[in-house]
Every structure is written in structure tokens, then in C-alpha cells.
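# Examining the three-dimensional arrangement
Chain by chain, the residues:
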Amino acid sequence: DVVAVELQFEESYSPWPLPAQVSEFRQLRAAGAQIVTGVQSHVPQAMEPYGYLEQGGPGIIVYGLGNLFFDQMWSWETRTQLYARHTVYNGRIISTEILTGVLEEYAQPRWATAAERTGILNTIFNAAPVRP
């Protein structure tokens, strides 16, 4: 089986996860969750992918997906979002694809353009917490 946890943490408007968020999400990973996803952030947040050779095996922490279905149109950051598409086969995580989207006209999502996707991904990659 693959253990996936989604949780509502403290709401945030920053791509950098809060220190307590990093600690608690990593604790969930250490306790056996292969996929840990935060659903509280109003902007896309950093990710931490894990490979086969790392403790706990393959998996990912996505600290926050952003505003998936809400109407916060006041800034570019609150209009952007992530979608994590996980491929699981025979009880193992094969891959996680991170898709990007943008809200238009109050809760009408569309796929991000190539340039928008680059900007969104650069932001979350630059916000990744230091791994121990």
C-alpha cells in the first residue's frame, strides 16, 4: 500500500513553508507516509522529492498546492496553483508529475503557459527548505 496524507496546516501566503510545517510534514514522512500534501497554502509552496535510495523510499512532500478552487484574484501568487499527479503501480510510487495552473475570472482554472509554468516552478524550487 501507499500511504498518502493531506492536511490543513496553518494558512500561508508564502512559497516558503513555515518551520513548524517543515518539521511536522517531515515527521509524517518519517512515520511512513510516502506522499504528504498540504492543502492550506493560498500560494504554491516548495516540494521535497525523495528517491528509492533515501530512507522511506520514493515519495514526495508538497507543502502547499495553492488556491485550487477559490476566488482570490488580487495577486498573481494567489491565482497560481499546483496539481500533483501520482502514478502508483503494484503498491509502489512510480512517479509524481507536478502540473501548474492559473485561476482566471474568479475560479475558472486553466493550464499555465510554458512561461508561467517556468516562473511558478522556479519560485517553489527556490523556496525549498534545506534537507538535513
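About the criteria used
Residues numbered from 1 in each chain as written. Predicted model: local features only at pLDDT ≥ 70, side-chain atom pairs only at ≥ 80, totals over all residues. Heavy atoms only, no water. Helix = DSSP H or I, 4+ residues; strand = E, 2+ residues; numbered from the N terminus. Expected span 1.5 Å × (residues − 1). Buried < 20%, exposed > 50% of the residue type's maximum accessible area, 1.4 Å probe, protein only. Arc of directions from axis to C-beta. Salt bridge = Lys/Arg side-chain N within 4 Å of Asp/Glu carboxyl O. Pairing = 2+ DSSP bridges. Axes fitted to C-alpha atoms, helices over the stretch in contact; angles between N-to-C directions. Contact = heavy atoms within 4.5 Å. Polar contact = N/O pair within 3.5 Å; in protein donor to acceptor, adjacent residues only side chain to side chain. Patch = residues over 30% accessible without salt bridge, like charges linked within 9 Å, V, L, I, M, F, W, Y side chains within 5 Å. Areas by Shrake-Rupley, 256 points an atom, 1.4 Å probe, with all protein chains shown as cover.

## So, helix H3 (residues 114-126)
Between its first and last C-alpha, H3 extends 18 Å over 13 residues, near the 18 Å set by a 1.5 Å rise per residue. Those residues of H3 not exposed but buried are Glu116, Ile120, Leu121 and Ile124. Taken around the axis of H3, the buried residues stretch over an arc of 125 degrees, which confines them to a single face. Away from its buried face by more than 90 degrees, H3 exposes Ala114, Ala115 and Asn126.

## Here's the deal with the pattern of salt bridges
Enumeration according to the criterion identifies 7 salt bridges in this entry. With a closest N to O distance of 3.6 Å, Glu48 and Arg131 form a salt bridge. Pair noted here: Glu48 is in strand E3 (residues 47-50) and Arg131 is in the segment after H3, with a separation of 83 residues, a long-range link. One salt bridge in this structure joins Arg110 and Glu104, with 2.8 Å as the shortest N-O distance. Residue Arg110 is classed as partly exposed on the basis of its relative accessible area, which comes to 28%. Three or more residues are tied together by salt bridges with common partners; here these are Arg26, Glu48, Glu54 and Arg131.

## Some points on the sheet that holds strand E5 (residues 80-89)
Strand pairs in the sheet, formed through backbone hydrogen bonds, run parallel or antiparallel to each other. Sheet architecture is open: 3 strands sit in the order E5-E6-E7, paired in antiparallel fashion. Two strands bound the open sheet, and with one partner strand each, they are E5 and strand E7 (108-111). Put simply, the sheet's adjacent strands are angled 40 degrees from each other on average, direction ignored. Two elements, strand E6 (residues 92-104) and E7, share 4 bridges in a ladder whose sense is antiparallel. Bridge pairing in E7 places Gly101 opposite Trp111. Of the strands in this sheet, E5, E6 and E7 are in contact with H3, which crosses E6 at around 120 degrees.

## Remarks on the environment of Arg131
Judged by its relative accessible area of 31%, Arg131 falls in the partly exposed class. Residues Arg131 and Val62, 69 residues apart in the sequence, show an inter-C-alpha distance of 14 Å. Leaving out residues up to four positions away in the same chain, Arg131 has contacts with Arg26, Glu48, Pro49, Tyr50 and Glu54. Side-chain polar atoms of Arg131 contact the backbone oxygen of Pro49, separated by 3.0 Å.

## Considerations on a nonpolar patch on the surface
On the surface, Tyr52, Leu53, Tyr89 and Ile94 cluster together to form a nonpolar patch covering roughly 540 Å² of accessible area. Looking at the secondary structure, you find Leu53 in the loop between E3 and strand E4 (59-62). Assessed through its relative accessible area of 88%, Leu53 is described here as exposed.

Structural measurements only, silent on function.
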